[in-house]
Amino acid sequence: MRKVHILGSGGREHAIGWAFRRCGFEVHYYPGNAGTAKDGVNHSYDGLETVKRIEEGLVIPGSERYLVDGVANVSEMVFGPKAEVARLEGSKVFAKEFMKRHGIRTARFEVVHSPEELPDKLRSFSPPYVLKADGLAGGKGVLILKDVNEAIEKGSKLISGELLKGVKGPLVIDEFLKGEELSAMALINGSDFVLLPFVRDYKKLRDGDGGPNTGGMGSWGPVEVPAKTVEAIEELVHRTLWALDREGYTYRGFLYLGLMLVDGEPFILEYNVRLGDPETEVVVLLDPEGFVDNILKAFEGSKMGEFNPRGYAVDVVLASEGYPDSPRKGQEITMPEEGLYFFAGVSQVNGKLVVSGGRVIHSMGAGKTKDEARKNAYLNAEKVEFPGKYYRRDIAL
Ligand code: AMP
Ligand code: GLY
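Calculation notes
For every chain, the first residue of the written sequence is number 1, and numbering continues from 1 along that sequence. Think of it this way: whatever chain is written first is A, whatever ligand is written first is 1, and the rest follow in order. Two thresholds apply to this predicted model, a pLDDT of at least 70 for residue-level local features and 80 or more for giving and counting side-chain atom pairs, whereas whole-chain, interface and lining totals are computed over all residues. Excluding hydrogens and water, the side-chain values take into account all heavy atoms of the structure. The near set for a molecule or strand comprises every residue that places at least one heavy atom within 4 Å of it. Pairs of N or O atoms within 3.5 Å make up the polar contacts considered here, provided that, within protein, one atom can donate a hydrogen while the other can accept it, and that residues adjacent in sequence are counted only when both atoms are side-chain atoms. Secondary structure elements are taken from DSSP: a helix is a run of H or I of four residues or more, a strand is a run of E of two residues or more, and numbering for both begins at the N terminus. For this scheme, ten residues count as nonpolar: Ala, Val, Leu, Ile, Met, Phe, Trp, Tyr, Cys and Pro. Four count as charged, namely Asp, Glu, Lys and Arg, and the remainder, Gly too, count as polar. Relative accessibility thresholds used throughout: buried, under 20% of the residue-type maximum; exposed, over 50%; partly exposed, between the two (1.4 Å probe, protein chains only). Two strands are said to pair when DSSP picks up at least two bridges between them. With axes taken as lines fitted to C-alpha atoms, and helix axes fitted only over the stretch in contact, angles between N-to-C directions fall between 0 and 180 degrees. For classification purposes, an angle smaller than 35 degrees is called roughly parallel, one larger than 145 roughly antiparallel, one from 65 to 115 roughly perpendicular, and anything else oblique. Whether two residues are in contact is decided by their heavy atoms, any of which lying within 4.5 Å being enough. Throughout, nonpolar core names a set of buried Ala, Val, Leu, Ile, Met, Phe, Trp, Tyr and Cys residues whose side chains join them through atoms within 4.5 Å. Expected span, for any helix, means 1.5 Å times one less than how many residues it has. An arc is given here, and it is the one of the directions from the helix axis to the C-beta atoms. Patches were defined on residues exceeding 30% relative accessible area and lacking a salt bridge, with like-charge contacts within 9 Å and nonpolar side-chain contacts (Val, Leu, Ile, Met, Phe, Trp, Tyr) within 5 Å. A 1.4 Å probe and the Shrake-Rupley method give the accessible areas. Residues count as covered only by the protein chains that appear here. The working definition used for a salt bridge is a side-chain nitrogen of Lys or Arg within 4 Å of a carboxyl oxygen of Asp or Glu. With a 1 Å grid spanning the protein atoms alone, the term cavity applies to any set of points in which a 1.4 Å probe fits but cannot get out, the term pocket to an open set with protein on both sides within 12 Å along at least five of seven lines, and the term lining residue to any residue with an atom within 4 Å of a point. Grid points are joined across faces, edges and corners, and a volume is the space filled by probe spheres set on the points.

The next thing to look at is the site of ligand 1. By nearness alone, 14 residues border ligand 1, and Lys 132, Glu 175, Leu 177, Glu 181 and Glu 270 come closest of all. Lys 92 places a side-chain nitrogen or oxygen 3.0 Å from an oxygen atom of ligand 1. Taking Leu 177, its main chain carries an N or O atom lying 2.8 Å from a nitrogen atom of ligand 1. Of all the secondary-structure elements, those providing two or more residues to the shell around ligand 1 are strand E6 (129-133), strand E7 (142-145) and strand E16 (265-272). When the residues that make up the shell around ligand 1 are grouped by side-chain class, the tally is eight nonpolar, no polar and six charged.

Okay, structure coming up:
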């Protein structure tokens, strides 16, 4: 039987594994979680050594960390770029300078290496000031500040390492772009690519987009995007692949563009070298066969086909109270044996399923219409019980 090996432990990784299992694959997770064990086999993950030991099958990294660490440098079986190219996500300075070199549309920017340069460089921008840490910062690396003095203070601390644990070094000042955000995900093999269905995600903790940013509280798709915008996005992917080729890099894997549409024109805010979470959960539900088939084609170097989303899919994230800062953990979960769920922060303790992370379970719903999919996702959400369960009520409304 054909095998797939998935690196990671969240809902995105479970969703990828679920799709491959449906398509007849033997699925292995490194490390996975107590829920992924229902759709495959969990193994420990001990860094690059684990990947080197895999002898047969396709290796799919869920998070960018694996790629930045170089899993694609140690194994030919990895679906994803080598560490040098994963810097598109791992280093904002690298990504912005890459886009500038090749005329790929992004916000005007300056790179700042020391606190002393900050006041002068900030002066060439008008508020609000957008400051971006260079390295991976777990979604906390972008600050948007109205006051120039605050920007100097926080920016200095970002550079010196006093602001965010484990994050120090240069930063990027970006011109603030006003517009509508949109994400696009593509499957890439060299110069060939196909866009995945568009999915809307909800980053804020509370209904009506209030409260702090999170890893994502839900999602739905497919979202209709005007043909003109799709063309412009395809052009940005084309240019990116052309630029990578010119610099001597080959890219095979997922590419995720974080975009700002300014009067309908897309600007790239960021590149990610992986799929989104919770976008992937929706994409696999819309077309699991197309998802798997196109990954295999991209991997093997044959021409990819279009996706055929069937109806609509909705993901309602069940989080634990205190998320995102300090989620409550250890509560027992009761839920149906069957049902459409992708698991994230769950563990098995003494034979019981317990909460072990902030985003606990992705409650999924599918349907012919968005409303039907939404209703199903919320019906499933109500069937899961654990103390401190929290979820948004307005996903896909
Ligand atoms: P990034 O990690 O670069 O995608 O930035 C995280 C978030 O910060 C984005 O999703 C936007 O909401 C916001 N952001 C980043 N860059 C800009 C910009 N140049 N103008 C306005 N908002 C931005
Ligand atoms: N849902 C946003 C991301 O995965 O980056």
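Turning our eyes to something else, we now look at the pairing of strand E4 (residues 58-61). Of the two faces of E4, the one lined by Leu 58 and Ile 60 and the one lined by Val 59 and Pro 61 are each fully buried. Note: strand E1 (residues 3-8) against E4, four bridges, orientation parallel. Among the inter-strand pairings, Leu 7 is bridged to a residue of E4, identified as Pro 61.

On to the packing of helix H5 (residues 83-90) against helix H6 (residues 92-101). For the pair H5 and H6, the least separation of the axes is 6 Å and the interaxial angle reads 95 degrees. Classed by the angle they form, the pair H5 and H6 counts as roughly perpendicular. Touching Glu 84, Arg 87, Leu 88 and Gly 90 of H5 are Lys 92, Phe 94, Ala 95 and Phe 98, all from H6. For the contact of H5 with H6, the residue count by class is four nonpolar, one polar and three charged.

Attention now goes to the nonpolar core. Soluble globular proteins tend to bury their nonpolar side chains together. Leu 88, Leu 257 and Tyr 271 are the most contacted members of the largest nonpolar core, which totals 43 residues. With seven residues, helix H9 (residues 227-246) is the largest single contributor of residues to this core. Within the second largest apolar cluster, 36 residues are counted, among which are Ala 19, Phe 79, Met 185 and Val 194.

For helix H8 (residues 148-160), built from 13 residues, the straight-helix expectation of 18 Å at 1.5 Å per residue is met to within 8% by its first-to-last C-alpha distance of 18 Å. Among the residues of H8, Ala 151, Gly 155, Ser 156, Leu 158 and Ile 159 are the ones counted as buried. Angular distribution of buried residues about the axis of H8 spans 160 degrees; they occupy a single face of the element. Those residues of H8 that are buried lie in contact with strand E5 (109-112), helix H7 (118-123), E6, E7 and strand E8 (171-174). Taking the backbone nitrogen of Asn 149 as reference, a side-chain oxygen 3.2 Å away marks Asp 147 as the first, capping residue of H8. Positive phi shows up at Gly 161, right after H8, with a value of about 95 degrees.

Time to look at a nonpolar patch on the surface. A cluster of nonpolar side chains, Val 142, Ile 144 and Phe 176, forms an exposed patch at the surface whose accessible area comes to about 250 Å². Summarising the element assignment, Phe 176 is placed in the loop between E8 and strand E9 (180-189).

Turning our attention to the pattern of salt bridges. Summed over all chains, the structure comprises 26 salt bridges. Between Lys 92 and Glu 270 there is a salt bridge, with its nearest N and O atoms 3.5 Å apart. Taken together, the residues span a long stretch of sequence, with Lys 92 in helix H6 and Glu 270 in strand E16 at a distance of 178 residues. Taken together, the shared-partner salt bridges connect Arg 200, Asp 209, Arg 392 and Asp 394 into one network.

So, on to empty space enclosed by the protein. One pass over the full model with this rule turns up one cavity of 30 Å³ or more. Together, Ser 183, Ala 184, Met 185, Leu 196, Pro 197, Phe 198, Val 199 and Glu 279 line the largest cavity. Per element, the largest residue contribution to the lining of the largest cavity is three residues, and it comes from E9. Class assignment of the residues belonging to the lining of the largest cavity gives a composition of six nonpolar, one polar and one charged.

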